[in-house]
Every structure is written in C-alpha cells, then in structure tokens.
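# Topology and contacts: notes
Below are the chains, spelled out letter by letter.
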There are 2 protein chains.
Amino acid sequence: MAATLLAQPGTISDKIGVPIELKKILVRDSGKPRATGIPTELLTTNPEDILDDDDIHVVVEVIGGVTPACGYLKRALAAGKHVVTANKEVMAQSGPELFRIAEKNRVNLLFEASVAGGIPIVGCLMNELLANDVFSIRGIINGTTNYILTQMAHQNTGFQQALKEAQDLGYAESDPTNDVEGIDAVYKLSILSSLAYHHRVAPQDIYREGISSLEANDFRYAKELGYAIKSLAIASLEGESIQARVYPALIPLDNMLAKVDGVYNAVEVEGSLCGKVLFHGMGAGREPTTSAVVGDLIEIARRIGVQGPPPPMVQNGQPLNIRSIDDLETRYYLRLTVADRPGVLAQISRILGDGGISLASVIQKDSDPAEQTAELVITTHPAWEASVQRALRQVSDLEVVTRINNILRIEG
Amino acid sequence: MAATLLAQPGTISDKIGVPIELKKILVRDSGKPRATGIPTELLTTNPEDILDDDDIHVVVEVIGGVTPACGYLKRALAAGKHVVTANKEVMAQSGPELFRIAEKNRVNLLFEASVAGGIPIVGCLMNELLANDVFSIRGIINGTTNYILTQMAHQNTGFQQALKEAQDLGYAESDPTNDVEGIDAVYKLSILSSLAYHHRVAPQDIYREGISSLEANDFRYAKELGYAIKSLAIASLEGESIQARVYPALIPLDNMLAKVDGVYNAVEVEGSLCGKVLFHGMGAGREPTTSAVVGDLIEIARRIGVQGPPPPMVQNGQPLNIRSIDDLETRYYLRLTVADRPGVLAQISRILGDGGISLASVIQKDSDPAEQTAELVITTHPAWEASVQRALRQVSDLEVVTRINNILRIEG
C-alpha cells in the first residue's frame, strides 16, 4: 500500500486534483526488510511521531485487532485527523464511539477496506444506494470459509482436510477460529447492516454458527436437492425489526450466490428501488485492501479541498428492534441417523406436525445393515426457528433416533 | 420517480440531513392521468417554468433522446443549476461539452441512471474504484438483448421468435434496432470507458455488431464447446491504447458473466488493485432508474450544503489512443457450411495457417446428404482480427465452401 502511494502520486493527483504525500509509516520493527522503494526515513516505531504531527492530516490504520489500533484511532480523530481504517473488529465494536469523536472534531472516518476488500460495498451503502430502503443484505464475506466450503463441495473433501489445505495455501490461519466459526463475518455484517439500516447492529446482536459441523454427506444431499451450501451473512428487515445472522445455509443452485466459489466474496443488497444488486470480487489480500484504502484516501483528499463536513453517521434513530434467531421464519434441512425400520418417519413427522412444521421432502439415504440404521434427509416448508428447535429436542429423545447430524436453514 | 420523492421526503432528508423539495414537473400533456399523489399544480408544459426559476437548484432529466433534452440540459447548466440525467445518448455524444458548461458554472452533472439502472457502476468508477488503473470493463448492459439471447440459449428459440416474445413482454420496442444492433450498448460503453480511462471514448470509436446473425446452431455448438453466447460491451487497455467493442461473443460457462440471464445486466471491472469486481442487477425499469437518479440527487444535495466543487471531469488528457478492431487479438469461433467430402478441412486450414491463425478445435456437424454439405465448427487460438478477416475472405472464395455462417469472438 505504501508502495502504491509512493509509486504513483502523479497518477492519483491527476485523478483527483489534490496531491497526496506519504509522511510517516508506523512499524513495529524499523530494521525489518521492506518493499523496495520505501525510504527508511519514513519509518518510525513511535506512534507519537504521527499522532502529534500537525502536518499529518489523514491517518491510515491497517494494524488490525483492537489493541493498540483502537486507541490510536481515537487519538487521531481527537487530534483532528481524518482516519481511514481497514479494521473490521474495531469498527464493529467501537464504531459508534469513533463516529462521535469524528463528528465532534469534524473529521472523516472511512472504512471501505473493513468489509469485502476490493468490493466497494461500504461506499455504495453510504452513497450510491442511499435512495433505497434496504430489505436485505446477503453476503459471502469470509473468503477462508468459502474456500473450504468450495473444496468440500467440488472435491468431496472433509472439513478437516479442506481446512488443512486452506492453511497450507495461506488462506486460513493456524488458529482458524475467527474465520470458520463466523466471528469475522459477524464483524463485517455488523458494519454492513448498521450502514444499511441506519441503526446500530452490534456483533452480539447477530446469531452465529460456524461451518465445522458440515460433513461430506450434507454437500451430497444438498446437491441432489438442487442446493449449494454457503456460509451466509444475512441481515433482513422484518416489519420494524432487523434480523441478523451468520450460518451455513442451503441456497438454490441457480442463485448467483451459489456460484461464488473459492476465496471470492459477494454481497447482494435488496433495495426498495434498485431490486437485487450483487457485488462480486476479491474479499481480501494486499491489493484489494489497497484499492479500498486509497479509494477512501481520495475521497477524503477531495473533501479536505472543500472543507466538507464528516460523512453521514451510521445511526439516525429509526425505531427498529433487533429480532432474536427464535423469531426467524425460514425453510429447514434436517439430517438424522435413525433406526432402519417401519414407522420411524411416522413418529418424527407427528412431532414436527404438532409443532406446526410441514414437510417439503423426505429422502431415506445410506442404510447401514450392521448398525440397522439409515440416514433421513428432511426439508421443510417455512417454519419458526423456535418451533423447529423445540420439535427437534423431542425428536432427538425418540428411541428410534440415533443422532441429529445437522440442521441447516434454506435461504432464497 | 416523482411519486418516490413526494412519498418519502422525510426519509431521504433524515438520511442526508438536507431537505429535498419537488418544485416542478415538465410534461408534454398536463391533462394526462398521473400516478396518484402528484399535485397537478406541480405539472407544467413550459420548460421556462423550470429553466428560468432561480429557486430551482437541481434539474432531473429523464426525457431521453437528444432533442429537446440536450438543449434543456445545456440551458440548465448554463443557468447554474445542477443536473441529474438518465440520458445515455446525450451523455455519450455530448458529455464533454456538457462537462465544460458544468465546470464553468461550478455545478454538478451526474448521470448514474444512464448506464445499467440500479447497478451503481458510474459512481463506483468515479469514486470508490478510482485508486485503480482499469485494465478492462466487460459488460452485459442491454437487457433486451440479453433476454433474447437467454431465450435462444435455454428455449432453443430462433432470433425472430425470441424477439417477438421480448416485444410481447414489453422488453423490446416495436423498432428494436437500437437494442439488437448494439447501438444502446455503444452509448453506455462510451460513458463507462470514458470514466474508466479518463479519456474520451466516443460512440464512433466503438466497434459494433448486433445479434441478429445468431442462429440456434451457434448456441448448440457453443454449449457443446463449454461456452455461453452473450452480447458483450468491452473496453480494454492494450499498452497505450483503448480498444472498445460491442458484439456477441462466446464466454466460458463457468465465467460469472455467462450466468447473467434474462433482463439482468452485469458489469465486470478489472482494476490494477481490486482485481475483477462484478456488479449484477436490474439494468432498466422505473424503480432501478429512480434508485440511481435519487442517489445522484442525494449526492448533489449533500454537496450544495458544503458549497462543494463539481465532480471530476471525464478526461485528464492521458496520452491514450483508440485502437481499431483490426488490431484486436482474441480467439475465434467460426461456423461454415462446406462440401461434405475429403480434403476440405485441409484447404481451409492451409489458408488459416498461412494467415498465422492456429486452430484449437474442429468439429464437423450436421451433414446434409441431399445437399452433400456439412457444417464445420472451428475454434482458434489467439489471432489478429485483420488476419482472420483476410483469411476468411479467401476461405469464402473456396469452391468447397458454401457459406460462412458466423464469426464470433471468444472472450475470457
């Protein structure tokens, strides 16, 4: 990124009519080898060299993590510096506080790079699509997870093997928890849904399930039923409530989101006027992040020229509630291991029916003569999450049910 | 659109902190029934009621066509009014002149709705993606054409029947020339490529072929070879040159653009930093147009609040050339009717070989015993357009060649 700013100041200045000069780069170790072309006199290990320098008007933060990044950001804003950050965790957790400091000091806080890298979804929600009331956002916003799921779907690979491969390729970290458990996607959805609904959606407001419970059979059955399995981050407006969740879900194979493979990201915004608009691109990596960060820098540079006000804040106090996952109404995919004998389905479907859950399809799969068990794959018509969970607790107590292998939601 | 502005002034004002008031609506016939809720006192048939009213700060133009729209736009800008337009023809043909008037009068000229309706591609090229050097733009930007091609591909329908169907559904006009001959797409590509390359790409700089030469067999063979056929609008940077063209082309079935069906539009931007970013959505219609127009209105309303300068102009005088279609290097698909006897392929491939054109695949199809002819489908490795055209003139002179049925380019 520093190399990009150094390499083409002429180009960027030409595009915007305002010069951008790189003044200082905070690093942990100034002796470490750097990309060629970065003058060593720009490097510093002392944050005060940036935060206390009145000639620095914009601070770019790509440290990641909460500490020390969040503290630096607060100090920079309080010192009247504009801020561009790629920090999803800080924006999701402390966005409102940072916005207040920015507003008070009449500076800009931009964060395009915090979600979906090279895809300009943050800017579009804040600007181009602002005429719309947003009905829903549905995103594949974690490339690591999507790479793993793509491998599991296309190579018939198990979760552990796909994860190992992703780690070997550098797509997954040695501790993959943040990605595979959906924590990273929750931060990003918090940012996107707060922008879309002009109402704070905190990370803890978002229901979350990871992908580690998925097995090869789920992909096989999903495909037979005409679905792909993707980890989706969804926020939707239901009446006066926002419902936000991150989980692996079945989506019809002909849906554009089903076609998003590998480390690619995609976000679909359904607006009251624009209809469904899908954005697809590289969600991470040095260059896509640079695209987003420098895009934000350009926007700020243009605004500095006209003494513009800070960008609109996230909230406008609309009276919206956050709805619990219990109040989700959707279709379900259930995979159970059951005793391979007559009357089993009758017992299960009676419990589901009593809970108001109507079956859309039932397939019996993979009998195991030794164990005298079979696998049952059930899809339902729309039902309430709370009813489904309650019914499944009763189903799992049935003597004929060995195990509930997986419960997935069907979207779209 | 007027109804949208009237219906939710509160909502939009809340979002941007600036009130927007609808003052006048120019109509041809003030007696015609209108959408409910539009006060008749807003209607006027006299353009001067708008152009000469100093209390009107922004003019929205959705008339379409060059006359009288272009004249109104010039007068509005000259009178110091900001302009939002959906007019692709005027922007493609007279954009530079309008920008000069806007700049001189320090007003904004925005035109998101002129390309791809609800997809915010114009704004993203002007703002969010500005850090990138754009390598290429590849778009499906005419919904009528894409609907016809989708029907031909999936329903095995002929061109005339698919066109008729599109007309019956209101997707195609009674005179469909502008759409099916690629004229509409040329206007839109002119706008997008001028923005992407900061250099004027006029409609007459863009090579153009329509879709009416396509036959059912082309779709059948393309599919067998692993391709879809789409009408693509492409602008690419080749060294110091821009090459821009609109034509039906084969694209690999696993390419996201191959999956854009029906009246949907899509634009893929390949940037130096962001990589390939695809935008997919509704390209036309009242509501997507309203999304774009009101988005532009919001941007202007925000800028009026801070006395901002006009947006960046299209050109920055980079020394780029426009390259002729003759200098295109790509792969080709050729479909010929030839005599069904030995040695024919040898004659054809000798001519192609002499022209430096190397064959990738040859399939003989559909022998006609009565006529003693067969159909030959040839794909090539990358070759120069001029060489291919020259060689095919020689091929068509061969006694054994009945007809060259189609020549399509293979992209991606």
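Quantities reported herein were computed from a predicted structural model and do not represent experimental measurements. (Residues numbered from 1 in each chain as written. Chains lettered and ligands numbered in written order. Predicted model: local features only at pLDDT ≥ 70, side-chain atom pairs only at ≥ 80, totals over all residues.)

Another point: the overall build of chain A. In terms of helices and strands, chain A carries 14 helices and 17 strands. Here the C-alpha coordinates of chain A stretch approximately 80 × 50 × 35 Å along the principal axes. Within chain A, the proportion of its 412 residues that are buried is 48%. (Helix = DSSP H or I, 4+ residues; strand = E, 2+ residues; numbered from the N terminus. Buried ≥ 20, exposed ≤ 12 C-beta atoms within 10 Å, placed from the backbone.)

Right, let's talk about the interface of chain B and chain A for a bit. Listed as interface residues are 44 residues of chain B and, on the opposing side, 45 residues of chain A. Within the residue set of the side of chain B that touches chain A, elements represented by two or more residues are helix 2 (9–16), helix 6 (121–126), strand 11 (275–282) and helix 12 (286–306) of chain B. Residues that form the side of chain B that touches chain A fall into these classes: 20 nonpolar, 16 polar and eight charged. Where strand 11 (residues 275–282) of chain A and strand 11 of chain B come together, three bridges link them in antiparallel fashion. Within strand 11 of chain B, the residue paired with His280 of chain A across the bridge is Leu278 of chain B. (Contact = placed C-beta atoms within 7 Å. Nonpolar A, V, L, I, M, F, W, Y, C, P; charged D, E, K, R; others polar. Pairing = 2+ DSSP bridges.)

Looking now at the relation of the copies chain B and chain A. Laying chain B over chain A is done by rotating through 180 degrees and shifting 0.0 Å along the axis; what remains is an RMSD of 0.1 Å. As the rotation angle and translation indicate, the two copies are arranged about a two-fold axis. The rotation axis passes nearest to the C-alpha of Phe279 of chain B in chain B, at a distance of 2.4 Å. (Least-squares fit on C-alpha atoms with pLDDT ≥ 70 in both.)

On to the sheet that holds strand 3 (residues 58–61) of chain A, then. Residue and element names in this part refer to chain A. The three strands lie next to each other as 3-4-5, forming an open sheet whose pairing is parallel. Every other strand in the sheet has two partners, leaving strand 3 and strand 5 (109–110) as the edge strands with one partner each. Taken together, the four bridges between strand 3 and strand 4 (residues 82–85) define a ladder with parallel strand orientation. Within strand 4, the position partnered with Val59 by the bridge is Val83.

Quick look at the nonpolar core now. Counting residues in each nonpolar core, the largest one holds 249 residues, and the members touching the most others are Ile121, Leu192 and Ile229 of chain A together with Ile121 and Leu192 of chain B. When near neighbours in sequence (up to four residues on either side) are disregarded, Ile229 of chain A contacts Leu149, Ala153, Leu214, Asp218, Phe219, Ala222, Pro248, Leu250 and Leu408 of chain A. (Core = buried A, V, L, I, M, F, W, Y, C linked by C-beta atoms within 7 Å.)

Residue and element names in this part refer to chain A. According to the domain assignment, chain A consists of domain 1 (2–118 + 286–305), domain 2 (121–282) and domain 3 (327–410). The straight-line distance from the C-alpha centre of domain 2 to that of domain 3 is 25 Å. At the interface, 13 residues of domain 2 touch 12 residues of domain 3. For the side of domain 2 that touches domain 3, the secondary-structure elements that each account for two or more residues are helix 11 (216–225), strand 8 (227–238) and strand 9 (241–252). When residues of the side of domain 2 that touches domain 3 are assigned to their parent elements, the largest contribution, five residues, is made by strand 9. Classifying every residue of the side of domain 2 that touches domain 3 gives nine nonpolar, three polar and one charged. (Domains from an automatic or database assignment.)

Residue and element names in this part refer to chain B. Strand order in the open sheet made by the three strands is 3-4-5, with parallel pairing throughout. Only two strands of the sheet have a single partner each, and these edge strands are strand 3 (58–61) and strand 5 (109–110). The pairing of strand 4 (residues 82–85) with strand 5 spans two bridges and is parallel. Residue pairing in the sheet places Val83 in a bridge with Leu109 of strand 5.

Let's shift gears to the pairing of strand 11 of chain B. Where burial is concerned, most of strand 11 of chain B is hidden: seven out of the eight residues are buried. Hairpin remark: strand 10 (residues 264–271) of chain B followed by strand 11 of chain B, antiparallel, with three residues in the connecting loop.

The next point concerns the packing of helix 13 (residues 344–354) of chain B against helix 14 (residues 385–397) of chain B. All names here are of chain B. In the contact formed by helix 13 and helix 14, the axes pass within 9 Å of each other and the chain directions differ by 155 degrees. Taken together, the axis directions place helix 13 and helix 14 in an arrangement best described as roughly antiparallel. When the axes of helix 13 and helix 14 are compared, the crossing they make is right-handed. Between helix 13 and helix 14, the contacting residues are Ile348, Ile351 and Leu352 on the first element and Ala391, Gln394 and Val395 on the second. (Axes fitted to C-alpha atoms, helices over the stretch in contact; angles between N-to-C directions. Parallel < 35°, antiparallel > 145°, perpendicular 65-115°, else oblique. Left-handed = near helix turned anticlockwise from the far one by under 90°.)

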